[in-house]
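# Commentary on secondary and tertiary structure
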Amino acid sequence: MNRPDKSESARLNFWESIYLPEIAKGLGITIKQFFKFPKFTRQYPEERWEPTGSYRGRPVLVDDADGERCVACGLCSRVCPAVAIEVQASETERDKERYPVKFEINMLRCIFCGFCEEVCPEEAIVMSKDYELVFENKRDAILGKENLLVPIAKLEERLEFLRQFKNY
Ligand code: SF4
Ligand code: SF4
């Protein structure tokens, strides 16, 4: 089979080599979209976007009626490809024996892959709908339990999504 000569196909003609017609073409498309209706631009932040349960925002810890679900097994920390999670276990009087005395996620490292959620045996860490992350310094980007624990009522949609699709 004859392969196309790369040097031939990469060669530009005169009009392509001066770029101007291509720039004008691009601007033409932009201007056409400008006057099109309906408009798809959202006036954020006045007009907020509400994601569905399938959305993978920042990972959070589930806080249910008995407190945090996490049993500090460390699986999420092991599986995290970005090495973003740090868990320190301690003993507790509660049924589950162990709990995370320290649980931190470095959001400068997190790539929102959802592996932590997938591997958790307790449905204790889930991806939330929160996509607004702003930090003024590196230290603020390391979220501890006080920022990670979210009441279960606010995570129902994600938990329902996981019940339906986690093992697909
Ligand atoms: S979403 Fe991925 S990168 Fe972020 S903490 Fe979980 S496993 Fe790590
Ligand atoms: S969040 Fe889940 S996987 Fe991570 S330490 Fe807690 S129980 Fe284990």
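See the structure above.
Note that the coordinates shown come from a computational prediction; the quantities given were computed from them, not determined experimentally. As a convention, each chain's residues are numbered from 1 in the sequence order in which they are written. Working convention: letters from A go to chains and numbers from 1 go to ligands, in the order in which they are written. Selection of residues for local features in this predicted model requires a pLDDT of at least 70, selection of side-chain atom pairs for listing and counting requires 80 or more, and totals for whole chains, interfaces and linings are taken over all residues. Values reported for side chains reflect all heavy atoms of the structure, with hydrogen atoms and water molecules removed beforehand.

### Here we look at the pairing of strand β3 (residues 85-91)
A pair of strands is considered paired only if DSSP assigns at least 2 bridges between the two. Starting at the N terminus, helices and strands are each numbered in turn, a helix being any DSSP run of H or I of at least four residues and a strand any DSSP run of E of at least two. Both β3 and strand β4 (residues 98-106) contribute to a ladder of seven bridges, which runs antiparallel. By the bridge assignment, Val 87 is partnered in β4 with Phe 103. Taken together, β3 and the strand that follows it, β4, pair antiparallel across an intervening segment of six residues, in which Glu 97 is found at a positive phi of about 75 degrees.

### Describing the site of ligand 1
Residues are counted as near a molecule or strand when any one of their heavy atoms sits within 4 Å of it. The environment of ligand 1 is made up of Cys 80, Pro 81, Ile 85, Cys 110, Ile 111, Phe 112, Cys 113, Gly 114, Phe 115, Cys 116 and Met 127. Only Asp, Glu, Lys and Arg are considered charged, only Ala, Val, Leu, Ile, Met, Phe, Trp, Tyr, Cys and Pro nonpolar, and every remaining residue, Gly among them, polar. Residues that form the shell around ligand 1 fall into these classes: 10 nonpolar, one polar and no charged.

### So, helix α7 (residues 156-165)
Remark: exposure states derive from per-residue accessible area (1.4 Å probe, protein chains only) relative to the maximum for the residue type, with buried under 20%, exposed over 50%, and partly exposed in between. For α7, every residue scored as buried is listed here: Arg 158, Leu 159 and Leu 162. The buried residues of α7 occupy an angular sector of 100 degrees when the element is viewed end-on, so they sit on one face. By the convention used here, residues are in contact when the closest approach between their heavy atoms is within 4.5 Å. Those residues of α7 that are buried are in contact with α5 (115-119) and β5 (125-127). The arc in question is the one spanned by the directions pointing from the helix axis to the C-beta atoms.

### Some points on the site of ligand 2
Every residue lining ligand 2 is accounted for by Cys 70, Val 71, Ala 72, Cys 73, Gly 74, Leu 75, Cys 76, Phe 103, Cys 120, Pro 121, Ala 124 and Ile 125. Counted by class, the shell around ligand 2 contains 11 nonpolar, one polar and no charged residues.

### Notes on the pairing of β4
Sheet topology places β4 next to strand β6 (residues 142-143); two bridges connect them, and they run antiparallel. Bridging across to β6, Ile 105 finds its partner in Leu 143.

### Here we look at the pattern of salt bridges
A pair is scored as a salt bridge if a Lys or Arg side-chain nitrogen falls within 4 Å of a carboxyl oxygen belonging to Asp or Glu. Under the counting rule described, the total for this entry stands at 13 salt bridges. Among the salt bridges present, the one from Lys 102 reaches Glu 104, with a minimum N-O distance of 4.0 Å. Classification of Lys 102 as partly exposed rests on a relative accessible area of 26%. By relative accessible area, Glu 104 is classed as buried at 16%.

### So, the packing of aromatic side chains
Aromatic rings from Phe, Tyr and Trp, taking only the six-membered ring of Trp, are treated as a pair when their centres fall within 6.5 Å; an angle between ring planes under 30 degrees marks them as stacked, one over 60 as edge-to-face, and anything in between as tilted. Enumeration according to the criterion identifies six aromatic pairs in this entry. Between Phe 34 and Phe 35 the ring centres are 5.5 Å apart and the planes differ by 85 degrees, which places this aromatic pair in the edge-to-face class. Neither Phe 34 nor Phe 35 differs from the other in exposure class; each is exposed. A ring pair is formed by Trp 49 and Tyr 131, whose centres lie 5.6 Å apart and whose planes are at 45 degrees; its orientation type is tilted. Residue Trp 49 is located in the loop between α3 (20-34) and β1 (59-64), and its partner Tyr 131 is located in the loop between β5 and β6; the two are separated by 82 residues in the primary sequence. Trp 49 sits in the partly exposed class, given a relative accessible area of 34%. Each member of the aromatic cluster is reached from another via a ring pair, and the members are Trp 49, Tyr 55 and Tyr 131.

### A closer look at the nonpolar core
In a soluble, globular protein the nonpolar side chains are often hidden away together inside. In terms of nonpolar packing, the biggest core is built from 20 residues, with Ile 85, Phe 103, Ile 105 and Ile 125 touching the most fellow members. Elements that contribute at least two residues to this core include exactly β3, β4 and β5. If we skip the residues at most four places from it in the chain, Phe 103 touches Leu 61, Cys 70, Cys 76, Ile 85, Glu 86, Val 87, Ile 125, Leu 143, Gly 144, Lys 145 and Leu 148. One finds Val 60, Val 126, Val 150 and Leu 159 within the second-largest nonpolar core, a separate group that totals eight residues. In this text, buried Ala, Val, Leu, Ile, Met, Phe, Trp, Tyr and Cys residues form a nonpolar core when linked through side-chain atoms within 4.5 Å.

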